[in-house]
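Here is how the chains run, residue by residue.
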Amino acid sequence: MNRLKKYSQLWIPILLGISAFILVTGGRIIWPKNIDWLFLNVDTANGLYAWQFFRHTPIFQNPLGANYPYGMGMGGSIIYAEPLFLFAFPFKLLSSALPTPFQYTGLWILLCFVLQAIFSWKLLEKITNDRWLKFLGSTFFVLAPGFLWRLHASFPLCGQWLILAAILLNLSFRYHRYIWTILIIISSLVHPYLLFILLALWAADLIKRKFLNELTFQKIIKYIFFTSLILLLVIWQAGYFMVHN
């Protein structure tokens, strides 16, 4: 019942995240056909152009992240022009039903505000059960300068909730092998910088579990092999290795 009660309170950080999103951005950026705001920065404009080319590439291509029509650049991969492959590929599958122009960046930013609030709320549950203290703490997280600064450019790096989720896993009473793998895969499809941070936090968790005798050396090797194999497959298909001299 205590766990059910905790989950029932998640409506508070969800509303907090939505409210912060509207307060900071005005909310209009979530409209899929609203693309004017993306031209305020060179990187975001280039990302929009890359997505417009990518949406018309063949679905079954190898690798899936290939974006040759976009022209020269980092080997013709979408991941280097628009790192948010997590959204680029699923929306590509729906491209025929989507309007032109179409942008998903506003939806991603809204999701980041909400998840930033949720995972900060869950972290604060580790030290307090007071709803007002958790609300106040989560407010600081969704309005943190380091988080809001990413709204000026590099929108994929708004996915700092992935770091909060990874810290939460580090503080967990047991090792969550499948959740770690999912988080690492998601981070690789959002931005390489976030991937490197999560790999470091994952390594720290494995080392801690070994010192606490929760995991044997053999299990750690098994988990590293399993996650690394899936990660290599995912980043290959996302186009990470499409870099030519």
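Residues numbered from 1 in each chain as written. Predicted model: local features only at pLDDT ≥ 70, side-chain atom pairs only at ≥ 80, totals over all residues. Heavy atoms only, no water.

1. Quick word on the packing of aromatic side chains
For the structure on display, the rule yields 20 aromatic pairs. Each ring, one from Phe54 and one from Phe85, has its centre 6.1 Å from the other, and the planes form 55 degrees; the classification is tilted. Separated by 31 residues along the polypeptide, Phe54 in helix 3 (residues 42-54) and Phe85 in helix 5 (residues 85-93) bring together distant segments of the chain. Between the aromatic rings of Phe91 and Tyr104, the centroid separation amounts to 5.6 Å while the plane-to-plane angle is 5 degrees, which identifies the pairing as stacked. In this pair, Phe91 sits in helix 5 while Tyr104 sits in the loop between helix 5 and helix 6 (105-124), placing the two residues 13 residues apart along the sequence. For the pair Phe91 and Tyr104, one class covers both residues: buried. Joined through ring pairs, the aromatic side chains of Trp51, Phe87, Phe91, Phe102, Tyr104, Trp108, Phe119 and Trp161 make up one cluster. The ring of Phe54 carries the charged tip of Lys92 above its face, separated from the ring centre by 4.3 Å. (Phe/Tyr/Trp six-rings, centres within 6.5 Å; stacked < 30°, edge-to-face > 60°. Helix = DSSP H or I, 4+ residues; strand = E, 2+ residues; numbered from the N terminus. Buried < 20%, exposed > 50% of the residue type's maximum accessible area, 1.4 Å probe, protein only. Lys NZ or Arg CZ within 6 Å of the ring centre and 35° of its normal.)

2. Details of the environment of Ser77
With respect to the secondary-structure elements, Ser77 resides in the loop between helix 3 and helix 4 (78-81). Relative accessible area serves as the criterion here: at 5%, Ser77 is assigned to the buried category. Excluding residues within four positions of it along the chain, Ser77 makes contact with Gly65, Asn67, Ala238, Gly239, Tyr240 and Met242. A polar atom in the side chain of Ser77 sits 3.2 Å from the backbone nitrogen of Ile79. (Contact = heavy atoms within 4.5 Å. Polar contact = N/O pair within 3.5 Å; in protein donor to acceptor, adjacent residues only side chain to side chain.)

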